[in-house]
Amino acid sequence: MSEVLESPRPELAQAAQQGPGALAANAGRARVVARDVNVYYGDTHALKGVDIDIFNNEVVAFIGPSGCGKSTFLRCINRMNDVIEGCRVTGEITLDKQDIYSRDIDVVQLRARVGMVFQKPNPFPKSIYDNIAYGPRIHGLGGGKEVLDEIVESSLKRAGLWNEVKDRLKEPGTGLSGGQQQRLCIARAIAVNPEVILMDEPCSALDPIATARIEELIDELRQNFTIVIVTHSMQQAARVSQRTAFFHLGNLVEWGETEEIFTTPRDERTQGYITGRFG
């Protein structure tokens, strides 16, 4: 889907509470569409009947207590759950109307289209340059050193890191500060030009200054990418996201425009979580 979609109207949030039938009319506007998604770990039913649309060029925040299913669902979007023994996913998730769980899907290519940034910065034990160049090389995007140089520089600039490391590209990425390492991982993710970026609590291991820089970066990146972020910080969700989804005990309780979720939630469980009665 190439066009930049307008922000979802308030009635989309209401449609989210009315099941797949009400969502169907809006599905054509979404980049990622999930319908009746269930996740099982052995006999444990961890995620139950999730329906959600994720729109282009916006940040969607997943919030909820620990163990509620938000990270489990995030990992469904690029099939990271495939590597967990005993994990089974049912239902349908589409990316640009293509079923990502189809047998025809190349999972390596899917993960190039749907990048992932993890909770703890995890730079490769390579140079800063090679951290960024790794993805383009394995996906055949670096047609030569000049092209790779351009990709590395562009990615680091988009991640707001270029001026800090341009004279240190041959040094190990692990030698950077925590906040710089996380921006390096974001640069590594965008180097292969993904369509969607998944972030699993990307600031939880960072200090407030580094967190503020990552949040500024997320706001800048949404001009070019669709971003889904899992966060335990409701303040962060309010600052960075256009829409918020609240998970509880494996259920997607409600989702909608962030301001509405935080000021006028429709479900008492959401109200309880936001006001600190549980969580």
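The coordinates are above.
Residues numbered from 1 in each chain as written. Predicted model: local features only at pLDDT ≥ 70, side-chain atom pairs only at ≥ 80, totals over all residues. Heavy atoms only, no water.

Taken in spatial order, the four strands make up an open sheet running β2-β1-β4-β5, and their pairing is antiparallel. Of all strands in the sheet, those with a lone pairing partner are β2 (44–55) and β5 (98–99), marking the two edges. (Pairing = 2+ DSSP bridges. Helix = DSSP H or I, 4+ residues; strand = E, 2+ residues; numbered from the N terminus.)

Let us now look at the layout of surface pockets. Any empty space left between the atoms is revealed when a probe the size of a water molecule rolls over them. There is about 490 Å³ of room inside the largest pocket. In terms of residue class, the lining of the largest pocket is made up of 12 nonpolar, five polar and two charged. (1 Å grid on protein atoms, 1.4 Å probe; cavity = no way out; pocket = protein on both sides within 12 Å on 5 of 7 lines; lining within 4 Å. Points joined across faces, edges and corners; volume = space filled by probe spheres on them. Nonpolar A, V, L, I, M, F, W, Y, C, P; charged D, E, K, R; others polar.)

Another aspect to go through is the pairing of strand β3 (residues 59–63). For β3, the buried fraction is high: five of the five residues fall into the buried class. Neither face of β3 is exposed, since Val59, Ala61 and Ile63 on one face and Val60 and Phe62 on the opposite face are all buried. As paired strands, β3 and strand β8 (residues 226–230) are joined by four bridges and run parallel to one another. Among the inter-strand pairings, valine 60 is bridged to a residue of β8, identified as valine 228. Where β3 and strand β9 (residues 243–248) come together, four bridges link them in parallel fashion. (Buried < 20%, exposed > 50% of the residue type's maximum accessible area, 1.4 Å probe, protein only.)

Moving on, we get to the nonpolar core. Judged by nonpolar contacts, the single largest core of 44 residues is most densely connected at Leu156, Met199, Ile218 and Ile227. The contact partners of isoleucine 227, leaving out residues within four places of it in the chain, are Glu58, Val59, Val60, Ile197, Met199, Ile218, Leu221 and Arg222. In this structure, Leu47, Phe73, Leu110 and Val230 belong to the second largest nonpolar core, which totals 31 residues. (Core = buried A, V, L, I, M, F, W, Y, C linked by side-chain atoms within 4.5 Å. Contact = heavy atoms within 4.5 Å.)

This part is about unusual backbone geometry. Within the chain, aspartate 96 stands out as a residue other than glycine whose phi angle is a positive 50°. You can see aspartate 96 is positioned in the loop between β4 (87–95) and β5. Backbone geometry at glutamate 201 places phi at a positive 50°, although glycine is not the residue there. Within the element layout of this structure, glutamate 201 appears in the loop between β7 (196–200) and α9 (208–221).

Here we take up the pattern of salt bridges. Here the structure, examined in full by the defined rule, presents 17 salt bridges. Residue lysine 145 pairs with aspartate 149 through a salt bridge whose shortest N-O separation is 3.0 Å. Placement of the pair is lysine 145 and aspartate 149 together in helix α6 (residues 145–158), with a separation of four residues, close to one helical turn. When its relative accessible area of 27% is taken as the criterion, aspartate 149 is described as partly exposed. Residue glutamate 164 pairs with arginine 183 through a salt bridge whose shortest N-O separation is 2.8 Å. Of this pair, glutamate 164 sits in helix α7 (residues 162–165) while arginine 183 sits in helix α8 (residues 178–190), and the two are 19 residues apart along the sequence. Note on glutamate 164: relative accessible area 35%, which makes it partly exposed. Of the residues examined, arginine 183 reaches a relative accessible area of 7% and is grouped as buried. What emerges from the salt-bridge pattern is a single network uniting Arg31, Asp96, Arg113 and Glu195. (Salt bridge = Lys/Arg side-chain N within 4 Å of Asp/Glu carboxyl O.)

Once that is clear, we can look at the packing of α8 against α9. Two packed helices can be described by the angle between their axes and the distance between those axes. The contact between α8 and α9 brings their axes to 9 Å, and the two run at 20°. It follows from the interaxial angle that α8 and α9 lie roughly parallel. In the crossing of α8 with α9, the sense of the turn from one axis to the other is right-handed. Each of Gly179, Gln182, Arg183, Ile186 and Ile190 in α8 lies in contact with α9, whose residues at this interface are Ala210, Arg213, Ile214, Leu217 and Leu221. For the contact of α8 with α9, the per-class residue count stands at six nonpolar, two polar and two charged. (Axes fitted to C-alpha atoms, helices over the stretch in contact; angles between N-to-C directions. Parallel < 35°, antiparallel > 145°, perpendicular 65-115°, else oblique. Left-handed = near helix turned anticlockwise from the far one by under 90°.)

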